[in-house]
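# An overview of the molecular structure
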Amino acid sequence: MDPLDRSTIWPHEQGEVRDFYYQRFGSPTVAAAEAALGELDGGTALLFPSGAGATTALVLSLLEPGNTIALARGGYYGTGVAFAALESWGLSIAEFDQTGPPPEDVQLVWLEAPTNPYLTMPDLAAAAAHPAPVVVDATVATPVHLRPLEHGADFVLHSATKYLAGHDDALLGAVVCRADTAAEELRTLRSSTGIVAAPDPAWLMLRGLKTLELRVRRQTETAGFLAGRLRAHPAVETVRYPGLGGLLSFDVADAETARKIETSTRVIVNASSLGGVTSLIESRSRWEGDRVPPGLLRLSAGLEDRETLWADLKQALG
Ligand code: PLP
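Residues numbered from 1 in each chain as written. Predicted model: local features only at pLDDT ≥ 70, side-chain atom pairs only at ≥ 80, totals over all residues. Heavy atoms only, no water.

### As for the overall build of the protein chain
In terms of helices and strands, the protein chain carries 11 helices and 12 strands. A compact globule built from 318 residues should have a C-alpha radius of gyration of about 20 Å, and the protein chain, at 20 Å, falls within 12% of that. For the protein chain, the spread of C-alpha atoms along the three principal axes comes to 70 × 50 × 30 Å. Per-residue burial for the protein chain yields a buried fraction of 53% across its 318 residues. Residue pairs at least 24 apart in sequence account for 66% of intrachain contacts in the protein chain once pairs closer than 6 positions are excluded. (Helix = DSSP H or I, 4+ residues; strand = E, 2+ residues; numbered from the N terminus. Rg over C-alpha atoms; globule rule 2.2 N^0.38 Å. Buried < 20%, exposed > 50% of the residue type's maximum accessible area, 1.4 Å probe, protein only. Contact = heavy atoms within 4.5 Å.)

### A word on the sheet that holds strand β10 (residues 269-270)
A sheet is described by the order of its strands in space; here five strands give the open sequence β8-β9-β12-β11-β10, paired in mixed fashion. Every interior strand has two partners, whereas the edge strands, β8 (238-240) and β10, have only one. Bridge count between strand β9 (residues 247-251) and strand β12 (residues 296-300): five bridges; the pairing is antiparallel. The partner of Leu247 across the bridge, within β12, is Ser300. (Pairing = 2+ DSSP bridges.)

### Describing the site of the ligand
In the region of the ligand, 13 residues are neighbours, and Ala52, Asp137, Ser159, Thr161 and Lys162 sit closest. Gly51 places a main-chain nitrogen or oxygen 2.9 Å from an oxygen atom of the ligand. Between the ligand and Ala52 there is a distance of 2.8 Å, counted from an oxygen atom to a backbone nitrogen or oxygen. Relative to its unbound accessible surface of 390 Å², the ligand loses 90% to contact with the protein. (Near = heavy atom within 4 Å. Polar contact = N/O pair within 3.5 Å; in protein donor to acceptor, adjacent residues only side chain to side chain. Areas by Shrake-Rupley, 256 points an atom, 1.4 Å probe, with all protein chains shown as cover.)

### What about the sheet that holds strand β3 (residues 92-96)?
Spatial strand order, β1-β7-β6-β5-β4-β2-β3: seven strands in an open sheet with mixed pairing. A strand with exactly one partner marks an edge of an open sheet, and here the two such strands are β1 (44-48) and β3. Across the sheet, the axes of successive neighbouring strands diverge by a mean angle of 20 degrees, strand direction being ignored. Where strand β2 (residues 68-72) meets β3, five bridges bridge the pair, whose relative direction is parallel. Within β3, the residue paired with Ile69 across the bridge is Ile93. (Axes fitted to C-alpha atoms, helices over the stretch in contact; angles between N-to-C directions.)

No statement about biological role is implied by the geometric values presented.
As structure tokens, then:
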């Protein structure tokens, strides 16, 4: 088993500083979790206290005032919120349709594979041809379905809170870098600004990674099954499911119907996350307003029996 080391200090040896000396500069449990994720994604992984923290650290490391980020439209709402918080520090955002090429004259391209909650997939080849560094938020796909560094991306972003840790009990983020130089710059920024992951969530991710493939394959099968059933249901208007991972979204007539459904499920929990062992459902307009259709429901498939999940959804759909 992997040991969990919560120390903040490791004594010098005969006056010499060893690999680990003060937790903000690195710790053994976080380093072990980073090594495991780096192997899965084929790059150098660095952990951060949350996915949003990883996003902020990466942007601070790569950009300077006056720069513009091309941001995939329809992606995770909170990423746009994090970037908006950085606008007063001189960054701008240009939203674009990630199924085509990114706009010219931007200094960073930010994609999501697939987007939460619209479930579009990026044109990775078009993005890789752009001169700016390319980040792919692959939180939903996970390395089980997609290893963006093999498709020309420079960085992979994960909210490890979701599938990687996988049990709704750890807040954590990760950046996986293709180039060692970029990883070193990000590591230096992380140590100096203190946007550092703690050992406990890192240990939970290490444990989660041992079952990642099993969980994600089952969640993907279940999501595909539920998407098929939902498509055939008369109360459901649109189903979005690209076949990658355990996340799908679907539309019902209006916000009131969506609210009735999210409050009527008994097995599927009405909560705001995704990627854990428990199936979750949530109407997204409460957070995202007009950015999503009023009747949009996001569904994250867990590990429960799929027929039980469908029976639960069916009774909630009325
Ligand atoms: N990226 C995606 C696709 C997400 O869904 C989320 C959270 O929902 C994040 C990033 C942010 O991660 P965290 O909540 O760990 O800060």
